[in-house]
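What follows is each chain in one-letter form.
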Amino acid sequence: MDWASKGIAMANLNINGKTINVDVEDDTPLLWAIRENVGLTGTKYGCGIAQCGACTVHVDGVAMRSCGVVVGEVAGKQITTIEGLAAADGKLHKVQQAWVANDVPQCGYCQTGMIMAVAALLKDNPKPTDQDIDAAITNICRCGTFQQVREAIHAAANA
Amino acid sequence: MNQHVKLDRRAFVIGTAAAGAGLAIGLDLPFGGPTVVRAADGSPEVNAWIVIRPDDTTVIRIARSEMGQGTLTGLAQLVAEELECDWSKVTTEYPTPGQNVARKRVWGDFSTGGSRGIRTSQDYVRKAGATARMMLVQAAANEWKVPASECTASDSVITHKASGKTTTYGKVVEAAAKLTPPADAEIKLKDPKDWKIAGKGVKRLDTVDKTTGKMTYGIDVKMPGMLNAALKECPVFGGKLKSYDEAKVTGMKGVKKVVRVNDSTVAVVADTWWHAKTALDALPIVWDEGENAKVSSESIAKWLAEGLDNSQPAFIGNQNGDAKAAIASAAKKVEAVYNYPYQNHAAMEPLNATALYTPDKCEVWTGTQNGEAAFAATLEASGLPAEKCEVHKLILGGGFGRRGMTDYVRQAVSIAKQMPGTPVKLLWSREDDMQHGTYHPVTQCKLTGAFDADNNLTALHFRLSGQSILHTVRPAALENGKDPAAFQGLNPSGDFAFGYTVPNLLVEHSMRNPHVPPGFWRGVNINPNAIYMECFMDELAHSVGQDPLEFRRKLMSKHPKHLAVLNAVADKIGWGKPAPQGVHRGLAQIMGYGSYVAGAAEISVTDGSKIKVHRIVASTDPGYVVNPAQVERQIAGSFVYGLSGLFYGGCTVKDGRIEQANFDTYNSMRIAEMPKVESVIVPSGGFWGGVGEPTIGVAAPAVLNAYFAATGKRIRSVPLRDQNITFA
């Protein structure tokens, strides 16, 4: 049977300032709706159980692990993905700039989620201490870029 | 500048087709010179490694895979150094394995493991750069009718000083590409002390796209009409797929097909991966788990423990004197048994591959550490000949050894072959990745040391018992049944040389191969072997009341390079000087992958069970350093990987399957647990050692030795979570 004939749940998602009508069931994790239905692949799948943070996006300005949120919960909310972090003119966000300047990424797979988590931290806490960073940034990076991540967070805070 | 090869969907499809056409066409020259081979955009190759565009952009081909370790940038630096091109105009691309085969392996080995990426290709890639420079200079000299020896090249500009003439690489490349390359004897590589681009901590070439989400990993591949596959493999290794009830899921949303992937695996193919996964979870599957379902960690440990007995057969990896006799007649004897568990790679990007099969062509897009092995797997799984197969490599979201295997490539091709004409992306879930790994093998080690009446170490016996990687993965590399890799760090000489002189030494391995598939895990056997060697050295030192550093130094006088890095970390950490209140120190050294490394840790321990790692000092002598900034990052990263394995790692077996399924049960260090890592890079020249792996060996023993200094308790078993010890 063609799945289309079974009826499609439509959801309006506000992503990076645009309202997008996607054919997706309400119980689909936001991560997969973003990656597969909207087609923005900068948000990464790492664990699917909100442990690693590779899928971090902002929902109404708050960092959230998009694998642990379903589409039905975010209808009408403002979602920002890594693709929407830079300014409209393409100028990188100060966290992205600090990441480039400090040559943070190794394999880079976790870094978009890391950057989203840090951008949210700096919005709420513009000059975080090392302890603030330790408490707020719990993303996994298997390459082990944490030393550069910490340096880049301080650099972005002072930018 | 410096963007890695772009992979947006349209450019990707077009570029792939054009690259093939470009290579096929070539260009016949009217005067019979060498054939000019052209890149997709028509720009000529000066040689297989280097394409120069009219605007002076230099495209450097990189055969090895980039998985975060920085090899792509380092190899480009080495080529650019000899080429004398403008570094700001350098870009890189991967040649494909199919092209490599078609061109008689002009790019050599693609495999990227064993910390080999730079050290085993530095010579020929530097020569490629030097050769191209000589041809470009010759072309300019020909045009000016002056001797090439009067011309110089720098930053892609060629200058004839006497006449004041200048030109650029982009202007003479067409003529240069038609010249006959210089003979090998004419090529003189620079002395590394004259390097201007290599040897410097230049920025990586692949960073910007990794901060914006534009970088295309295998998981991000999109193709018109592409479907997605999720799979389940028999949870018990070696078990079989008996049956599944397809009818239960065929009506589910998005489901297109249920396919038998191989005799132990079933997959659901759907419009989206989420639909495929949802249907797969609903698919009733019957497994034939087989005899292996009776195996547990306990049964494996018992079997390995039997191998510690000297009466059991064993392979000898290193020996001098008569250790057994010296131990039997010793004034004092020290004995201890250590063990090391299975570990999963847990690269952040779960395994995946996209395949498109038609009876005339099979193409695969994937992140792989070994493009040629992935290509061979594609041939085998598709049944098509080499000229009808191709593998397109993508940047890896971590490898650590796992992506040197090709199981996921074979699976993707098998699925695609059952849906001809439709591209299918196979993606493993994290659970698949955790429970169908190729695991760091399990070993145990009984160590015995003997002293004379004056407390001189007279004998040392390493009795290893456990799993061989090569036995399963590369049986042709066994030496009369012996796995030489089991002795990494304990060999008499070579890239993994033992750094102590002991009058009577015996290192042996009783090979026992459980059914759990083993694989190369960052550092491989230097992980357990460094713990065994360096924690036991500490035990021996303490048993005779000697300082662990002084005790080692006495045994290392004939191993000056091992000693130099150990001294370097001891000096930097302040060994012998008072540590801050409540802080304790530990040391370790080993040689691996051709590099000499040492580490020192400063830790504090609360209630015997909460460890705070304050500071790590790590030193490496890799002979030459191509990018010190990346070497520092590899060192720091190796401690994260190694200490994650020490504290949180360990995969356990129950009912024949791996118990840990995700990061909640197989955890990884976070930033809060990250110590300050200080690197002391001391390249002594004259050899090329690896970087990505060696320092991981000293991570665990340095911390374990510091734990003993802090608590007086010796830990001989990994992971620490099994002993309720964790990060503070």
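Along each chain, residues carry numbers from 1 onward, in the same order as the chain's sequence is written. Note on labels: chains are lettered from A, ligands numbered from 1, in written order. With pLDDT at 70 or above as the cut-off, local features in this predicted model cover only qualifying residues; side-chain atom pairs require 80 or more to be listed or tallied, and sums for whole chains, interfaces and linings still use all residues.

1. Regarding the interface of chain A and chain B
Here is the rule we go by: C-beta atoms are first placed from the backbone for all residues, and any pair lying within 7 Å is then listed as a contact. Helical segments are the DSSP runs of H or I of at least four residues, strand segments are the runs of E of at least two, and each set is numbered from the N terminus.
On the side of chain B, 48 residues touch chain A, which itself brings 46 residues to the contact. For the side of chain A that touches chain B, the elements supplying multiple residues, two or more each, are α1 (30-38), α3 (94-101), α4 (111-124), α5 (130-136) and α6 (146-157) of chain A. Ranked by the residues each element gives to the side of chain A that touches chain B, the list is headed by α6 of chain A, at 5 residues.

2. Quick word on the packing of α3 of chain A against α4 of chain A
Residue and element names in this part refer to chain A. Test applied: Note on geometry: axes are C-alpha line fits, over the in-contact stretch for helices, and angles between N-to-C directions span 0 to 180 degrees. Oblique is the label for every angle not falling under 35 degrees (roughly parallel), over 145 degrees (roughly antiparallel), or within 65 to 115 degrees (roughly perpendicular). The sense of a crossing depends on the near helix, which, turned anticlockwise from the far helix by less than a right angle, makes the crossing left-handed and, turned clockwise, makes it right-handed. Each residue receives one of three labels: charged for Asp, Glu, Lys and Arg, nonpolar for Ala, Val, Leu, Ile, Met, Phe, Trp, Tyr, Cys and Pro, and polar for the others, Gly being one of them.
Between α3 and α4, whose axes approach to 9 Å, the crossing angle comes to 130°. As the angle between them shows, α3 and α4 are arranged oblique. The handedness of the crossing between α3 and α4 comes out as right-handed. For the pair α3 and α4, contact is made by Val 95, Gln 96 and Trp 99 and by Gln 111, Ile 115, Val 118, Ala 119 and Leu 122, respectively. For the contact of α3 with α4, the per-class residue count stands at 6 nonpolar, 2 polar and no charged.

3. Details of unusual backbone geometry
Residues and elements named next belong to chain B. The following threshold applies: Whether a residue is buried, exposed or partly exposed follows from its count of other C-beta atoms within 10 Å of its own C-beta, namely 20 or more, 12 or fewer, or something in between, respectively; the C-beta atoms are built from the backbone.
For the bond from Val 718 to Pro 719, the omega torsion is 5°, close enough to zero to count as cis. Within the fold, Pro 719 resides in the loop between α18 (696-711) and β28 (726-727). Backbone geometry places Asp 56, a non-glycine residue, at a positive phi of 75°. If you trace the backbone, Asp 56 turns up in the loop between β2 (50-52) and β3 (58-61). Overall, Asp 56 belongs to the partly exposed group, with 18 C-beta atoms counted inside 10 Å. In the Ramachandran plot, Asp 655 falls in the positive-phi region, its phi being about 50° despite a non-glycine side chain. Along the polypeptide, Asp 655 turns up in the loop between β25 (653-654) and β26 (657-658). When the 13 C-beta atoms within 10 Å are taken as the criterion, Asp 655 is described as partly exposed.

4. Comments concerning the sheet that holds β3 of chain B
Residues and elements named next belong to chain B. Rules: Strand pairing follows a simple DSSP-based rule, namely that at least 2 bridges must link the two strands.
Read from one edge of the open sheet, 4 strands run β1-β2-β3-β4, paired in mixed fashion. The sheet is open, and its two edges are formed by β1 (45-47) and β4 (90-93), each paired on a single side. In this sheet, neighbouring strand axes are inclined to one another by 30° on average, regardless of whether the strands run parallel or antiparallel. Of the strand pairs in this sheet, β1 and β2 are connected by 2 bridges, and their pairing is antiparallel. In the sheet register, Glu 45 faces β2, and the bridge partner there is Val 51.

5. Considerations on the sheet that holds strand β20 (residues 457-466) of chain B
Residue and element names in this part refer to chain B. Reading across from one edge, β13-β21-β20-β19-β14 is the order of the 5 strands in this open sheet, with mixed pairing throughout. Edge positions in the open sheet fall to β13 (315-320) and β14 (332-340), since each of these has one partner strand only. The mean angle between the axes of side-by-side strands here comes to 10°, regardless of whether they run parallel or antiparallel. Bridge analysis of strand β19 (residues 443-451) against β20 gives 9 bridges, and the strand direction is antiparallel.

6. A few points about α1 of chain A
For α1 of chain A, the buried fraction is high: 9 of the 9 residues fall into the buried class. Listed as buried for α1 of chain A are Leu 30, Leu 31, Trp 32, Ala 33, Ile 34, Arg 35, Glu 36, Asn 37 and Val 38 of chain A. Looking at the buried positions of α1 of chain A, the neighbouring elements they touch are β1 (10-15), β2 (18-23) and α2 (71-74) of chain A together with α7 (273-282) of chain B. Once α1 of chain A ends, the next one or two residues include Gly 39 of chain A, with phi positive near 90°.

7. Focus on the domain arrangement of chain B
Residue and element names in this part refer to chain B. For clarity, the cut-off: In this document the domain limits rely on a domain assignment from an automatic tool or a database.
As assigned here, chain B comprises domain 1 (9-204), domain 2 (225-290 + 346-435) and domain 3 (307-343 + 439-727). Distance between the C-alpha centres of domain 1 and domain 2: 37 Å. Taken residue by residue, the interface counts 15 residues in domain 1 and 21 residues in domain 2. Per-element accounting of the side of domain 1 that touches domain 2 gives the leading share, 4 residues, to helix α3 (residues 97-102). Of the residues belonging to the side of domain 1 that touches domain 2, the class tally is 5 nonpolar, 9 polar and 1 charged.

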